[in-house]
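Per-entry structural report
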Amino acid sequence: MTTSESTAMTVNDIPQERRLVTAIPGPKSLEIQKRRTSAVSAGVGATLPIFISKAAGGVVVDIDGNSLIDMGSGIAVTSVGNSAKQVVDRVIAQVQDFTHTCFMVTQYESYVEVCEALNRLTPGDHEKRSALFNTGAEAVENAVKIARVYTKRQAVVVFEHGYHGRTNLTMAMTAKVAPYKQGFGPFASEIYRMPLSYPAHDGLTGKEAADHAISRMIKEIGAENIAAIVIEPIQGEGGFIVPAQGFLPSLVKFSNDNGIVFVADEVQTGFCRTGKWFACEHEGIVPDLITTAKGIAGGLPLAAVTGRAEIMDSVHAGGLGGTYGGNPIACAAALGSIAAMEEEDLNEKARNIEAIMKPRLAKIAEATGVISDIRGRGAMIAIEIVKKDTNEPDPDTTSKIAKACHAAGVVVLTAGTYGNVLRFLPPLVMPEHLLDDALTIIEQQIKEVTA
Ligand code: PLZ
């Protein structure tokens, strides 16, 4: 594709191009940033100090007219693209019909339809049920509630580098203290953290890492006391850590053998992000419960717990719910997103993104010597930035590279327990010429920052 063609391409009338007309942030963003500082709690952070007026396809456009390539999707949410037609049409129709009744008071069909879609799309052909919520953290909390009722046990196993949310229970389940937990204790009890499989760091096979974690569970908790094992099949905030092959299946087997509910937290990995509907499928595992959010509804707040009918139905009527869980507008958006994923084969698009990104990143690694690992699946790809001589994690350089990319018009995110992971989560509809341009910018900035 030539430059003129690529700049002519538009989505929702927004040119699919990287275009900087001011510094980042520009004067209009700077003005609002002042108001933000005096109006918004300092506790709410922001990766970039800019304000967005429009977004579609692979770009976000700020109020100064800068068009930035979106390699973050609002943290893995807008997989179908911002304001995707299938989502917008259904949302508009729903807003005009009714906005809210509360599914626990008077019901509507779209809630049932979303649950049917979840039961159909999630791994395993057993009978399933779903329940809808608003946020990923809420879904994880409810998965724990359900597992505890079903097993009549209390202990919950989570893993090093894990991230599950910011509510009290999910803070307890999240590994990293700063910024997520610092000063916010005391945390919920009966949460036990076990070692993960982290191939780039531990050198263990999946089976070895699982045996190690399982032997600790038996000794330190007792298998008969464990209600749930909760794990992200690929860790998100922890730095896109893909466990060694065999780790997850061993944990599933241990769960099945011991009456433990195996919960896959697919809030970040779900809905085509990794090139399959759910990341569990890469290892052929079938979780008892699966939590989803983010990519499910094209940007509207919706989350779910889906799982084995006998587990989901073990909860007494009225035990699960919430005023807004499965709000009709969010359900309409989810049905639109799922339609877009199926119609446009977004799994294939995610795999194509991986096929483009990994070799390019490998070349950058070879040329610079500061990338110790390239990992992830589909459109969930990360690199670890290290010091050249010692191979130590280098969070300062990572943050400098991210800032340099922002200044050059590419939204990238950082992650990882050691703060040294640059992660890429483009919308799955990212046009190839933009992905290519983003990679060129990333390459230039890594080279300049580490020269
Ligand atoms: N489980 C696996 O990735 C959210 C958090 C960003 P909520 N991840 C992004 C931040 O700094 O707050 C996440 C996740 C996994 C649960 C959650 C929580 O989802 O919708 O943010 O509550």
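Residues numbered from 1 in each chain as written. Predicted model: local features only at pLDDT ≥ 70, side-chain atom pairs only at ≥ 80, totals over all residues. Heavy atoms only, no water.

1. A word on the packing of helix H13 (residues 346-368) against helix H15 (residues 432-450)
Threshold: To obtain an axis, a line is fitted to C-alpha atoms, over the contacting stretch when the element is a helix, and the angle between two such axes runs from 0 to 180 degrees between their N-to-C directions. Secondary structure is summarised from DSSP: a helix means a run of H or I of at least four residues, a strand means a run of E of at least two, and numbering begins at the N terminus for each. Should an angle lie under 35 degrees it is considered roughly parallel, over 145 roughly antiparallel, and from 65 to 115 roughly perpendicular; all remaining angles are considered oblique. Take the far helix as the reference: if the near one is turned anticlockwise from it by less than a right angle, the crossing is left-handed, and if turned clockwise, right-handed. A contact between two residues is defined here by any heavy atoms of the two lying within 4.5 Å. Residues are sorted three ways: Asp, Glu, Lys and Arg are charged, Ala, Val, Leu, Ile, Met, Phe, Trp, Tyr, Cys and Pro are nonpolar, and all the rest, Gly among them, are polar.
The N-to-C vectors of H13 and H15 enclose an angle of 20°; their axes lie 11 Å apart at closest approach. With respect to H15, the axis of H13 lies roughly parallel. For the pair H13 and H15, the crossing hand works out as right-handed. For the pair H13 and H15, the contacting residues are Asn352, Ile353, Ile356, Met357, Arg360, Leu361, Ile364, Ala367 and Thr368 in the first and Glu432, Leu435, Asp436, Leu439, Thr440, Glu443, Ile446, Lys447 and Thr450 in the second. Residues that form the contact of H13 with H15 fall into these classes: nine nonpolar, four polar and five charged.

2. Looking at the pattern of salt bridges
Pairing of side chains with opposite charge becomes possible as their charged atoms draw close. What counts is decided by this rule: We count a salt bridge whenever a side-chain nitrogen from Lys or Arg sits within 4 Å of a carboxyl oxygen from Asp or Glu. Three exposure classes are used, based on accessible area relative to the maximum for each residue type with a 1.4 Å probe and protein chains only: buried under 20%, partly exposed in between, and exposed over 50%.
Within the structure shown, the criterion is met by 18 salt bridges. Between glutamate 342 and arginine 120 there is a salt bridge, with the nearest N and O atoms lying 3.0 Å from each other. Separated by 222 residues along the polypeptide, glutamate 342 in helix H12 (residues 328-343) and arginine 120 in helix H5 (residues 109-121) bring together distant segments of the chain. Glutamate 342 sits in the partly exposed class, given a relative accessible area of 39%. Owing to a relative accessible area of 53%, arginine 120 belongs among the exposed residues under this scheme. One salt bridge connects glutamate 237 with arginine 423, and the closest N-O pair in it is separated by 2.9 Å. Taken together, the positions of glutamate 237 in the loop between strand S9 (226-231) and helix H10 (247-257) and arginine 423 in strand S17 (residues 421-424) put the pair 186 residues apart, joining distant regions of the chain. As far as the burial class goes, glutamate 237 and arginine 423 line up, both buried. Counted as one network, the salt bridges with shared partners bring together Glu127, Arg129 and Asp313.

3. Side note on the sheet that holds strand S15 (residues 410-411)
Going by this rule: Two strands pair if DSSP finds at least two bridges between them.
Judged by pairing direction, the sheet is mixed, and its four strands sit side by side in the order S3-S4-S5-S15 without closing on themselves. Here the strands that pair on one side only, and so sit at the sheet edges, are strand S3 (52-56) and S15. Here S3 pairs with strand S4 (residues 59-62) via four bridges, running antiparallel. In the sheet register, alanine 55 faces S4, and the bridge partner there is valine 60.

4. A closer look at the domain arrangement of the chain
How we decide: Where each domain starts and ends comes from a domain assignment, either automatic or drawn from a database. Buried area counts how much accessible surface, traced with a 1.4 Å probe, disappears from two parts once they are put together, with both parts' losses summed. Here a polar contact is taken to be a pair of N or O atoms separated by no more than 3.5 Å, where protein atoms must pair a possible hydrogen donor with a possible acceptor and residues adjacent in sequence count only if both atoms sit in side chains.
Taken domain by domain, the chain holds domain 1 (3-80 + 345-450) and domain 2 (87-343). One C-alpha centre belongs to domain 1, the other to domain 2, and the line joining them spans 27 Å. Each partner contributes residues to the interface: domain 1 has 34 residues there, and domain 2 has 34 residues. Carbon and sulfur atoms make up 56% of the surface buried where domain 1 meets domain 2, a total of about 2,700 Å² over both sides. A per-residue breakdown of the area domain 1 buries against domain 2 is headed by Asn347, Arg377 and Met380, which together make up 26% of the total. On the surface where domain 1 and domain 2 come into contact, there are one salt bridge. At the junction of domain 1 with domain 2, the criterion picks out 21 residue pairs in polar contact (both at pLDDT 80 or more). Contributions of two or more residues to the side of domain 1 that touches domain 2 are made by helix H3 (73-76), H13, strand S13 (371-377), strand S14 (380-385) and S17. Residues of the side of domain 1 that touches domain 2, tallied by class, amount to 18 nonpolar, nine polar and seven charged.

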